[in-house]
Each structure stands twice: as structure tokens, then as C-alpha cells.
Amino acid sequence: MIPVKDARYGPVFWVGLVLGWPIIGFGVWGVIHTRAQAVPVSFTAWLVGAAIVHDFLVAPVVFSAGIALRRSLKGRIRTSIQAALLVSGVVLAYSFPLLLGYGRRPSNPSVQPNDYVVNVVVVLAAIWIAAFVWLLASAHRARRASR
Amino acid sequence: MSVSHPARDSARHRRGPFRPDAFRSGLHSEWIASWLGIALGVSFTVCFLTGLLSHAIQHPPAWFHYPSRPAGLYRLTQGVHVATGIASIPLLLGKLWTVYPKLWRWPPAESVAHAIERISLLPLVGGSVFLLFSGVFNTFQWYPWAFFFPTAHFWAAWITIGALIVHVGAKASGLRAGLSGAEQKPADESGADSLGRRAFLRTILAASGVLTLVTLGQTFNPLGRLALLAPRRPAAGPQGLPVNRPARNARVAAQATDPEYRLRIEGNVGAPLSLSLDDLKALPQHDAVLPITCVEGWSESAHWSGVRLRDILAMAGARIGEGVRIESLEPRGNYRTSTLDLSHATDRDTLLALRIHDEPLALDHGYPVRLITPNLPGVMQTKWVGKVTVL
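Asker: What is the right way to look at the pairing of strand 1 (residues 263-267) of chain B in this model?
Answerer: In the case of a regular strand, side chains alternate between the two sheet surfaces. Residues and elements named next belong to chain B. As paired elements, strand 1 and strand 2 (residues 273-275) share 3 bridges and run antiparallel to each other. For Ile265, the partnering residue across the bridge sits in strand 2 and is Leu273. The antiparallel hairpin formed by strand 1 and strand 2 contains 5 residues in its connecting segment. Pairing of strand 1 with strand 10 (residues 385-390) involves 4 bridges; the strand directions are parallel. Each residue of the ladder has a partner; that of Gly267, found in strand 10, is Val390.

Asker: What's the story with the interface of chain B and chain A in this structure? I'm lost.
Answerer: One frequent convention defines the size of an interface as the accessible area lost when the parts assemble. At the junction of the two partners, chain B supplies 87 residues and chain A supplies 72 residues. Interface area for chain B against chain A, summed over the two sides, is near 6,800 Å², with a carbon-plus-sulfur share of 72%. Our count for the chain B to chain A interface comes out at 1 salt bridge. Measuring nitrogen to oxygen at the nearest pair gives 3.0 Å for the salt bridge that ties Glu110(B) to Arg8(A). In this assembly, chain B and chain A are joined by 26 residue pairs in polar contact (both at pLDDT 80 or more).

Asker: Would you mind going over the side chain of Ser29(B) with me for this structure?
Answerer: By secondary structure assignment, the location of Ser29(B) is in the segment before helix 1 (30-58). There is a polar contact of 3.1 Å between the side chain of Ser29(B) and the backbone nitrogen of Ile32(B).

Asker: In this structure, what is going on with the pattern of salt bridges? I would like to understand it.
Answerer: Between side chains of opposite charge, a pair can form as their charged atoms come close. Residue and element names in this part refer to chain B. Overall, the coordinates contain 15 salt bridges over all chains when judged by the stated rule. One salt bridge in this structure joins Lys387 and Glu266, with 3.7 Å as the shortest N-O distance. With Lys387 in strand 10 and Glu266 in strand 1, the pair connects residues that are 121 residues apart, well separated along the chain. Classification of Lys387 by relative accessible area gives buried; the value is 18%. One salt bridge connects Arg325 with Glu327, and the closest N-O pair in it is separated by 3.6 Å. According to the relative accessible area criterion, Glu327 is buried, its value standing at 13%.

Asker: When you look at unusual backbone geometry in this model, what are you seeing that I'm missing?
Answerer: Among all residues except glycine, the phi angle is most often negative; among peptide bonds, the trans geometry is most common. Cis geometry is adopted by the peptide bond preceding Pro107(B), which originates at Trp106(B) and carries an omega value of 0°. Structurally, Pro107(B) can be placed in the loop between helix 2 (73-99) and helix 3 (112-119). A positive phi angle is found at Val39(A), which is not glycine, with a value near 45°. Position of Val39(A) relative to the elements: it lies in the loop between helix 2 (35-38) and helix 3 (40-72). With phi around 65°, Asp358(B) is a residue other than glycine that occupies positive phi space. Structurally, Asp358(B) is set in the loop between strand 7 (351-356) and strand 8 (359-360). Accessibility expressed as a relative area gives 57% for Asp358(B), which makes it exposed.

Asker: What am I meant to see in a positive patch on the surface here?
Answerer: Residues and elements named next belong to chain A. Taken together, the side chains of Arg76, Arg141, Arg143, Arg144 and Arg147 make up a positively charged region of the molecular surface. In terms of residue count, the dominant contributor to the positive patch is helix 5 (residues 116-146) (3 residues). Judged by relative accessible area, Arg144 falls into the exposed class, the value being 58%.

Asker: What am I meant to see in the sheet that holds strand 5 (residues 324-328) of chain B here?
Answerer: Sheets are built from strands paired through backbone hydrogen bonds, the pairs being either parallel or antiparallel. Residues and elements named next belong to chain B. An order of 2-1-10-5-6 is seen for the 5 strands of this open sheet, with the pairing classed as mixed. Of all the strands in the sheet, just strand 2 and strand 6 (337-340) have a single pairing partner and so form its edges. Each strand axis lies, on average, 15° off the axis of its neighbour in the sheet, ignoring direction.

Reading the values: rules and limits
What you see as residue numbers is a count from 1 along each chain, following the sequence as written. Chain A is the first chain written and ligand 1 is the first ligand written, with later ones labelled in order. Under the rules for a predicted model, residues below a pLDDT of 70 receive no local features and side-chain atom pairs below 80 are neither given nor counted, while totals for whole chains, interfaces and linings still include all residues. For the side-chain quantities, the full set of heavy atoms in the structure was used; hydrogens and water were omitted. Any two strands with at least two DSSP bridges between them are considered paired. Numbering of helices and strands runs from the N terminus, with a helix taken as a DSSP run of H or I at least four residues long and a strand as a DSSP run of E at least two residues long. Two residues form a contact once any of their heavy atoms are found within 4.5 Å. Buried area is a sum: the accessible area each of two parts loses on coming together, probed at 1.4 Å, counted once for each and added. Any carboxyl oxygen of Asp or Glu that lies within 4 Å of a side-chain nitrogen of Lys or Arg is treated as forming a salt bridge with it. Pairs of N or O atoms are called polar contacts if they sit within 3.5 Å, as long as, within protein, a hydrogen donor faces a hydrogen acceptor (for residues adjacent in sequence, only side-chain-to-side-chain pairs). Burial classes: relative accessible area under 20% of the type maximum marks a residue as buried, over 50% as exposed, and values in between as partly exposed (1.4 Å probe, protein chains only). Each patch groups residues whose relative accessible area exceeds 30% and which form no salt bridge, using 9 Å between like charges and 5 Å between nonpolar side chains of Val, Leu, Ile, Met, Phe, Trp and Tyr. Accessibility throughout is a Shrake-Rupley quantity obtained with a 1.4 Å probe, and a residue counts as covered only by protein chains that appear here. In this tally, Lys and Arg are treated as positive and Asp and Glu as negative; His is ignored, and so are the chain termini. Think of each charge as sitting on NZ of Lys, CZ of Arg, CG of Asp or CD of Glu. Here, axes are lines fitted to C-alpha atoms. For helices the fit covers the stretch in contact, and angles between N-to-C directions go from 0 to 180 degrees.

Put into C-alpha cells, the structure is as follows:
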């Protein structure tokens, strides 16, 4: 059996529990109460699925990429590439539906009016140029400091 | 829950991510988790409150009265809602990355309280990720799921905010120590060759900044040219204004262009009216510069002209009780009617607009007549108006 007592959890924890779980319950009640619109099966699949996809698919891929990067590069270059990859990854995570044209319909050209392939390339280029400039600047600073 | 006894569960028998040294980066730190946690606490609270406001405006409870002034308030709050949600994406991903090793801790629960805390993380993590991707996909008008977005997003927000309160309660006592960086620094084999903690936080903030910079222009005009990855461009659309529901999707083209079109004013009135488009054009016309603000986070100001709603209500001898219902010609749709309270119905700038930028309305903008009123979401600015009912 796991112990009941745990000194790390004080009264604030129990207050949070008593306040928070009824609100979670309210949300769950709402999904069931408006099931014609909230569609509980789809809702649950996407909400729980979000956690599962992140924890067991996205995160392992990111960690594997991190390990590969760590093994293949050293020094200041690695730091700049880590930063540039992080920002690029976020931009792609946000924009992949735009790149694939998901949600775009001929009946309404005012939705997704840009050429997103070109624009993503422009944004990524700006990120990598910024990372490169930062790399040069930090190398310059290090050289001056060592003199 | 069955948990192995720690004494019998030697650390060296653990494999893969369960190994005590599986995650060696110094970035899995309480200091980073605490700062990102505070940032997310603020951003999610802002999103929750602005979202609740938008919900209350569209589905007002009896006690809720939303004024028609200041005219641009909803533009601000909904712009903040969407921009804050977008800016939260890197904060959330960075936070989940930082605390990821805890997912694999062994034993999974050390006490009843610890077990409850960890179980409460499912609605927190699932709900947070759900809110961000469903909100973003909605702005792209991409719906790969079976639920109706506004309803699901609304209830997911309650689930997430409840779980956030539980999480804050669980972490409150450790927060000060986390922020001070008093924790023991985990071994980091790479040292200076990798991003340091401050650099990691700065990079996360830079990612938030980049996403904001390339999207905010969809509502904040000075950044319009930088809105490379915004799903809308303020000027892209007929007559320089984006469209949410085109006439073709609403199936109103035939009725809206029918020469026999009549605007009917009914309900609690002295004399019901039936006005043709020419009748409306013959009435005193007024101008107003008002934004269309979409719940999806884009907005754009336009120059409208048409008949004041309050003039027409006065002509019909309206006795407004609960409000005024504006009804579209569209046969069905979640937003075919909009109910205005007294403040919006009688505002001097609330128009049954016939023209935009000095041209007749395009069919996609609600020809022959659309509602335009200060300080309401675009979904309530009914297009192709066919009937006004005084309630």
C-alpha cells in the first residue's frame, strides 16, 4: 500500500483540490449535458489523445532529435542550432495545417489567403539567420574576452 | 494502485526512460518549470477570462449586460484571447519538455496525495494541449473532429482551469524554492556546450515572440505586413474585408438578390413595417466607422453607411422589452439570428448597413442589408437581414 501521509502536501494542496476538482467536474458535466454539440466520445478522444500523442509520440521524437544533436555537434554551434531548432519546431507545430492547406476552401478565399509555403520558408530563414548572427556575435565576444 | 516496494525495486533494474539517469540535461530544472509555470498561469488566466467574456456576450445570462461602448473593446479582448493563446504554444511545449522526466518517475506514486496530484495532471495536460490546438485549428477553419468547436472549447476551458487550480495548490509551496534556483543542480554532462537555463527560457520567449509577430497583424493593423502566418489578412476579401461565412455556404443568394426583397419589422411594435431596399435607401442614411471582429481573432475596421436601427424601431413604434432579434434570410445556421440588448439596439452607430466603403455591400458581406453594431463579435453582426423582431 502507498502511504497516506506525505509532508510535502500541506493545506494549500487540499484547498486547491476542493476548489479545482468541482470545476473539472463542472466541465465534464457540461460536455455530457451538451452532448449533441460537445460529442463526448470525440471530445474525450481528442483531449486524452492530446496528452498521449504529446507524451508518447511528440516528446520521444524531440528527445531523440536532442540526443542525436548532442552526439553530432559540439561547442557554440550546437547551442545556436539548439535554439534555432526549438524556434523552428514551434513555428512548424503551429503552421503545419497552413502548409498542408487544411481548412482552405474555394468558397472562401479570405481564409488562409497567403502563400504559406513561401512565408514559412521566409520565417525559418529569418530564424536561422538570427541564430547565425548570434553565433558570430558570441564567438566575437569570446575572442575579445580571451585576449 | 499497486506499487512495488522501493527497497525491492533496485534502481539498476529500471530500463529506458525509467532509468534514474535517463534524462541528464540540466534544463529539466525546477527553476525553468517554475518560471514557465508562472507565465502559463498568467496566459491561461487571461485566455480563460477573455474567453468567458466572449461566451457571455454571445450567450448572456440574465444578470449580464454588455455595453455598446467603448466600440473597440471586444476587438481588444478577443484579439488578446487569440494572441495570448498563440503565444502560449511555446510556453506549454517548453514546460512539458522541462517536466517530462517526471512522467517516468518510479515508483509512480509515493503517497495518496502524490497519486491524486498526478491523476489531476491528465485533465491539465490534455486540456491545455486541447485548448491550444483546437483554438488554432478553429482560426484556420480546419475541423478534423466530430464536436462543435465553441461548445467543446468552452467546456475544455473549465476542465483545464479546474485542473490548473489543483496544480497551483500542489506546487504553491515549492514555487518559491523553484524560483530561487535553490535546487541541487543535476549533473549535466554537456556543460557550456548546450543551452543554459536562462538561454533556454529566452529561446522559449523568442519563439512566443516570433509566433506573435507573424500573426498579430491579423487584428493589429500596424503589424499587418508581418502577418505572414496569420490565417487572415485584414484587407484580403471582397471590398477589402475578410469573410467568415460566404453567401454560397449560407444558401441565401437567391433570396438576397430577389427584387421582391422586404425587410420586416415585427413583434412588440405599434405598426409592423415591410420595407423594400428602395424604401431603406430613401430613409436618412448615417455613416459609422466600425470594426468587424471575428471570434477567430482577426478584425478590420470599415466605413459603413445605412439606416440607424433606432430610427426604424421608432418608425415602427417599438416598445423594447427584452431586446431586438435580428434575423437572417439564411435558412439555417448557428448564427442566423442575433439578439441585441437595449444598449446595442439604440446605439447611434448601430446600423442596418446598405453600403461599405461607399459601395453597395457585396453579397458575401450581407447584401442587401446587414447589421453592424459597436462592440460585438462578428458572428452577431447578422448578414442578409430579413426580419427585425422587437422582444
